[in-house]
Amino acid sequence: MEGNTEKPIAGEKKSRLKYAIIGLVIVVLIVAGSGLYIAYGTGHSNKTPLTVNISLSGSELTFYQKTILPEFEKAYPNISLQFSTESATSIVSTLQSEGTSPTIDVVQQDNGFTGPLVSNGLVLSLNPYLSQLEPRNGTTSTTLSASYGTIIPAYYHEGLFGSTYYFFPIRGNVQLAYYNQSALTVAGKNTHQVLPQPTNVSNLMTDMIALNASGYTAPFNMQGHQGASTPTQVFQWMAEFGGNPMAFNTTGDIQALTFLQNMQNKGLMSPHYSTGFWGSYKGLASNSYQYIDQWPYITSLMSGLGWNNTTTSATHNLGINHVFMGPNNNAQYIVGGDVLGVVNHTSHLWAAIHYIQFLDSATVQTQLLQNLTWPVVNEVAYQSSSASGLPFQMIKYEEEHGIFRPAVPWMTQWDNYFDSAWAQIMSGVNVTVALNEAHANMQNYLNTYYASSSYPSEYAAGAIVPTGSYTGPT
């Protein structure tokens, strides 16, 4: 959105006079315990511009523009908010080119793409400002009644690099299983069996075989398009099989990829897998496939197509459940989502802090949950009555018991090596051979580009692992 096109807010004239007077002095906020002083408002006779870069889908962007923007400017009439929409990858080169004069103040970044912003020194440490942001500990009545609620503690894994918080959580994301419950019921009748819900690798395979035999050909679909989608989704499955995805080639990693290759070899993998990504869901409603693990924002979109499920009953056409578990019912839920970082050298730091406070407030987080089916990070949002049914129960559970990709600056390179191995595996190459090659490539990369750090030795020792509720080899 270019510039601020909103009409003046009622009472704005009075506010401008107020801030013009304040502009004659320096109002200082003392950050508790840090000894740091932030100048709040020199010369607010004009609105302070605040530019936030976001990378959202069309419906999400519309909500930001029509709801978030006017509500923020009403709450902070001395700030003019505007959005830029560069991708998570291009924003790095943009900020590098702008140097000490950035045109962007805040980045809302996918948590899988935070490393390059940190390693290139493009975002500020948020350690001195944590006391101004969300309450960070517990779910006691005291913190739950705080004006901004409280953050689900697990989400602090996302923005923490070493001992430094470079990002603050704003939006969570976990994957759920979406499947054609009606087709599953028909397949059970056709094969004279009561088919289980596809909750683990065993009954998932049983269901896919039964569906395929009942005329629902190649029913299993996934995000196999590569890019960021495939490594993120299979990362979770590798962990569920007891592997360490970061190493690529532990026993569990090999078992997970072998399972997927077998889906392909048995004719159960939908041909749509090669184009499947985070935006794939319409084929489920059109019977192109019968099962896909996907981010929960598609719940409302599927509802718009006439596919609904608000209970655990098997009478609905849309089945919703946790993503299938690995052997021994090992559940590992990868947590994605967006985090907020403040751009280094911004001249609007005070406004950026207020924006983070605003987005993480209980009121805004509840709106994001209700309107976009976002897994949010503020626990208070889940206390609303609209969050009591499916899929919100599952979303919150997975968030609280999730695993997180480690905060390393080379995570995108890991993605690249995984994608290369994936292409080989799905074309028939031996799984172990492909994953051993990926492991060797990752080790060589770290030896070459991070030789002065501890990463090469840690990687060789298998010490770089997911965080959170991870249960694999360490």
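Look above for the structure.
Within any chain, residue numbers begin from 1 and follow the written order of that chain's sequence. Where local features are concerned, this predicted model is filtered to residues with pLDDT of at least 70; where side-chain atom pairs are given and counted, the filter is 80 or more; whole-chain, interface and lining totals use all residues. Side-chain measures here rest on the full set of heavy atoms in the structure, leaving out hydrogens and waters.

A.B. asks: Would you mind showing me how to read the nonpolar core here?
C.D. replies: In summary, soluble globular proteins display a tendency toward joint burial of nonpolar side chains. To qualify as a nonpolar core, a set must consist of buried Ala, Val, Leu, Ile, Met, Phe, Trp, Tyr and Cys residues joined through side-chain atoms within 4.5 Å. Burial classes: relative accessible area under 20% of the type maximum marks a residue as buried, over 50% as exposed, and values in between as partly exposed (1.4 Å probe, protein chains only). With 68 residues, the main nonpolar core has Leu50, Tyr64, Ile68, Phe83, Tyr355, Leu359 and Leu368 as its most contacted residues. A run of H or I in DSSP becomes a helix once it reaches four residues, and a run of E becomes a strand once it reaches two; helices and strands are each numbered from the N terminus. When residues of this core are assigned to their parent elements, the largest contribution, 9 residues, is made by helix H13 (residues 349-359). Contacts are residue-level and defined by heavy atoms, with any inter-residue pair within 4.5 Å sufficient. If sequence neighbours within four positions are ignored, Tyr64 has contacts with Ile54, Leu56, Leu69, Phe83, Gln108, Ile170, Tyr355, Leu359, Leu368 and Trp374.

A.B. asks: Would you mind showing me how to read the sheet that holds strand S13 (residues 336-342) here?
C.D. replies: One key point about sheets: their strands pair by backbone hydrogen bonds, in either a parallel or an antiparallel sense. Within the open sheet, the 5 strands sit side by side as S4-S3-S5-S13-S8. Their pairing is mixed. The sheet terminates laterally at strand S4 (79-84) and strand S8 (168-173), the two strands that pair on one side only. Within the sheet, the average angular offset between the axes of one strand and its neighbour, ignoring direction, is 20°. Paired strands, as defined in this entry, are two strands with at least two bridges between them according to DSSP. Pairing between strand S3 (residues 48-53) and strand S5 (residues 106-110): 2 bridges, direction parallel. Angles run from 0 to 180 degrees between N-to-C directions of axes, and those axes are lines fitted to C-alpha atoms, restricted for helices to the stretch in contact.

A.B. asks: Help me understand the pattern of salt bridges in this model?
C.D. replies: Any two side chains of opposite charge can pair, given that their charged atoms come close. For this analysis, a salt bridge means a side-chain nitrogen from Lys or Arg found within 4 Å of a carboxyl oxygen belonging to Asp or Glu. What the rule picks out here adds up to 3 salt bridges. Of the charged contacts in the structure, one is a salt bridge between Glu60 and Arg171, with a shortest N-O distance of 3.0 Å. Of the two residues, Glu60 sits in helix H2 (residues 58-75) while Arg171 sits in strand S8, which places them 111 residues apart along the sequence. According to the relative accessible area criterion, Arg171 is buried, its value standing at 7%. One salt bridge connects Lys396 with Glu400, and the closest N-O pair in it is separated by 2.4 Å. Of the two residues, Lys396 and Glu400 both sit in helix H15 (residues 392-400), 4 residues apart, roughly one turn of that helix. Lys396 gets classed as partly exposed once you look at its relative accessible area, which sits at 23%. Look at Glu400 and you get partly exposed, because its relative accessible area is 33%.

A.B. asks: Whenever I open this one, the pairing of strand S10 (residues 291-294) confuses me. Can you help?
C.D. replies: Within a regular strand, the side chains alternate between the two sheet faces. Along S10, one buried face is formed by Tyr291 and Asp293 and the opposite face, lined by Ile292 and Gln294, is buried too. Pairing geometry for strand S9 (residues 176-180) and S10, over 4 bridges, is antiparallel. Within S10, the position partnered with Tyr179 by the bridge is Tyr291.

A.B. asks: When you look at helix H7 (residues 181-190) in this model, what are you seeing that I'm missing?
C.D. replies: Since the α-helix turns once every 3.6 residues, residues separated by three or four places project in the same direction. Within H7, burial applies to Gln181, Ala183, Leu184, Ala187 and Gly188. The buried residues of H7 occupy an angular sector of 155° when the element is viewed end-on, so they sit on one face. For H7, the elements touching its buried residues are S9, helix H8 (201-213) and strand S11 (318-322). Here H7 starts with a cap whose side-chain oxygen sits 3.1 Å from the backbone nitrogen of Ser182, and that cap is Asn180. Just downstream of H7 lies His192, where phi reads positive at about 55°. By construction, the arc corresponds to the directions joining the helix axis to the C-beta atoms. For the purposes of these results, a polar contact is taken to be a pair of N or O atoms within 3.5 Å, where, inside protein, one atom must be able to donate a hydrogen and its partner to accept one; residues adjacent in sequence count only when each atom of the pair is a side-chain atom.

A.B. asks: Can you help me understand the side chain of Gln261 in this one?
C.D. replies: Along the polypeptide, Gln261 turns up in helix H10 (residues 251-265). The exposure class assigned to Gln261 is buried, which follows from its relative accessible area of 12%.

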